[in-house]
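Letter by letter, the chains look like this.
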Amino acid sequence: ERPLNDEPAVRSTERPLNEEPAVRSTERPLNDRFYDRNIYRCIDYSRSSRSYLFVNKQVTWNEANNFCNRQGLHLVTITDNYLNMWLIQKGLEVGSYDWWIGLHDRHHEGLFEWIGKMWSDFRRWGTGEPNNHDGREDCVHLRADGSWNDHTCHQQKFAFICESKRQKCSGM
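Residues numbered from 1 in each chain as written. Predicted model: local features only at pLDDT ≥ 70, side-chain atom pairs only at ≥ 80, totals over all residues. Heavy atoms only, no water.

S.K.: Help me out: how do you make sense of the overall build of the protein in this one?
M.R.: Looking only at helices and strands, the protein features two helices and ten strands. Contacts spanning at least 24 positions in sequence make up 67% of the contacts within the protein whose residues lie at least 6 apart. Total accessible area on the protein stands at roughly 8700 Å², and carbon and sulfur atoms take up 45% of it. (Helix = DSSP H or I, 4+ residues; strand = E, 2+ residues; numbered from the N terminus. Contact = heavy atoms within 4.5 Å. Areas by Shrake-Rupley, 256 points an atom, 1.4 Å probe, with all protein chains shown as cover.)

S.K.: What's the story with the packing of aromatic side chains in this structure? I'm lost.
M.R.: Pairs of aromatic rings are described using the distance from one ring centre to the other and the angle between the two planes. In this structure the tally under the stated criterion is twelve aromatic pairs. Seen in terms of ring centroids, F122 and W148 are 5.6 Å apart; in terms of plane orientation they differ by 80°. Their pairing is edge-to-face. Separated by 26 residues along the polypeptide, F122 in the loop between β7 (113–114) and β8 (139–142) and W148 in strand β9 (residues 148–151) bring together distant segments of the chain. Per residue, the accessibility class of F122 equals that of W148, and both read buried. The rings of Y45, Y52, F54, W86 and W99 are connected pair by pair, giving a single aromatic cluster. In this structure, R47 packs its charged tip against the face of Y82, placed 3.9 Å from the ring centre. (Phe/Tyr/Trp six-rings, centres within 6.5 Å; stacked < 30°, edge-to-face > 60°. Buried < 20%, exposed > 50% of the residue type's maximum accessible area, 1.4 Å probe, protein only. Lys NZ or Arg CZ within 6 Å of the ring centre and 35° of its normal.)

S.K.: How should I be thinking about helix α2 (residues 81–94) in this particular structure?
M.R.: Along an α-helix, residues three or four positions apart point the same way, because every turn accommodates 3.6 residues. Over its 14 residues, α2 extends 20 Å from the first C-alpha to the last, a length consistent with the 20 Å expected when each residue adds 1.5 Å. Check the buried side of α2 and you find it contacts β3 (40–44), β4 (51–59), β6 (99–104), β8, β9 and β10 (158–164). Immediately downstream of α2, the backbone of G95 shows phi near 120°, a positive value. (Expected span 1.5 Å × (residues − 1).)

S.K.: Help me out: how do you make sense of the pattern of salt bridges in this one?
M.R.: Pairing of side chains with opposite charge becomes possible as their charged atoms draw close. Following the criterion strictly, the structure yields three salt bridges and no others. The salt bridge partner of R143 is E129, with a shortest N-O separation of 3.9 Å. With R143 in the loop between β8 and β9 and E129 in the loop between β7 and β8, this pair connects stretches of sequence that are 14 residues apart. Its relative accessible area of 25% is what places R143 among the partly exposed residues. The class for E129 is buried, based on a relative accessible area of 16%. (Salt bridge = Lys/Arg side-chain N within 4 Å of Asp/Glu carboxyl O.)

S.K.: Please clarify how unusual backbone geometry should be interpreted in this entry.
M.R.: Leaving glycine out, the prevailing phi sign among residues is negative, and the prevailing peptide bond configuration is trans. Note that the residue after E129, namely P130, is joined by a cis bond; omega there is -10°. By the secondary structure assignment, P130 is in the loop between β7 and β8. Here N132, not a glycine, exhibits a phi torsion of approximately 45°, which is positive. In this structure, N132 sits in the loop between β7 and β8. Despite not being glycine, D134 shows a phi value in the positive range, around 60°.

S.K.: How should I be thinking about the confidence of the model for the protein in this particular structure?
M.R.: Low pLDDT marks regions whose predicted coordinates should not be analysed in detail. Confidence in the prediction of the protein, expressed as mean pLDDT, is 79, and 76% of residues score 70 or more. The low-confidence segment residues 1–35 (pLDDT under 50) makes 77 contacts with residues lying over four places distant or belonging to another chain. (pLDDT = per-residue confidence, 0-100.)

S.K.: What is the right way to read the nonpolar core from this model?
M.R.: As a rule of thumb, soluble globular proteins bury nonpolar side chains together. Counting residues in hydrophobic clusters, the biggest one holds 22 residues, and the most contacted among them are Y52, F54, I78, L87, I101 and W148. The set of elements that each furnish at least two residues to this core consists of β4, α2, β6, β8 and β10. Among the elements that take part in this core, α2 stands out by supplying five residues, more than any other. When sequence neighbours within four positions are dropped, the list of residues in contact with F54 reads I39, Y40, R41, I43, W86, L87, K90, G91, V94, W99, F160 and I161. (Core = buried A, V, L, I, M, F, W, Y, C linked by side-chain atoms within 4.5 Å.)

S.K.: Would you take a moment to explain the state of the cysteines for this structure?
M.R.: One way to say it: the disulfide is the covalent bond shared by the sulfur atoms of two cysteines. This structure, assessed with the given rule, holds two disulfides. One disulfide bridge connects C68 with C162, the sulfur atoms lying 2.0 Å from each other. An S-S torsion of about -80° defines the bridge between C68 and C162 as left-handed. Taken together, the positions of C68 in helix α1 (residues 61–70) and C162 in strand β10 put the pair 94 residues apart, joining distant regions of the chain. (Disulfide = S-S within 2.5 Å.)

Written out as structure tokens, the structure reads:
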């Protein structure tokens, strides 16, 4: 298996649900041996000037954060319930149910902050969350029902969503 940082990034623009998205490599021509449009999908968000790169590869939160940073992006900051549910809808279309997001309390237990340095007081914790199970859960993932759960940053593996501060998918 190829390492995450060696895989070509594939992006698309958002299309109506009944239309296939345009998918193009941003770094090198598509190689059918490694190409799978369900691994990478970039979607512009019509309610803001942001884009989201959905990466349907199971990795730890630390690996996801490093990957986003190498692309000049950051793990997603969720600012309201509309965005939260839009991310779930698009995530299910890409093919995963659990997604790492940019929220964590790695620096001070119980004080959650967004990795992208954006501020948002929006939270959608699942019942009984965050619970810091066994004192080791510092990173947050988005579940298929739209709720959030804290989990271990370096052991558990989920797909993840990177965010761009401006729309980057269009025209690629």
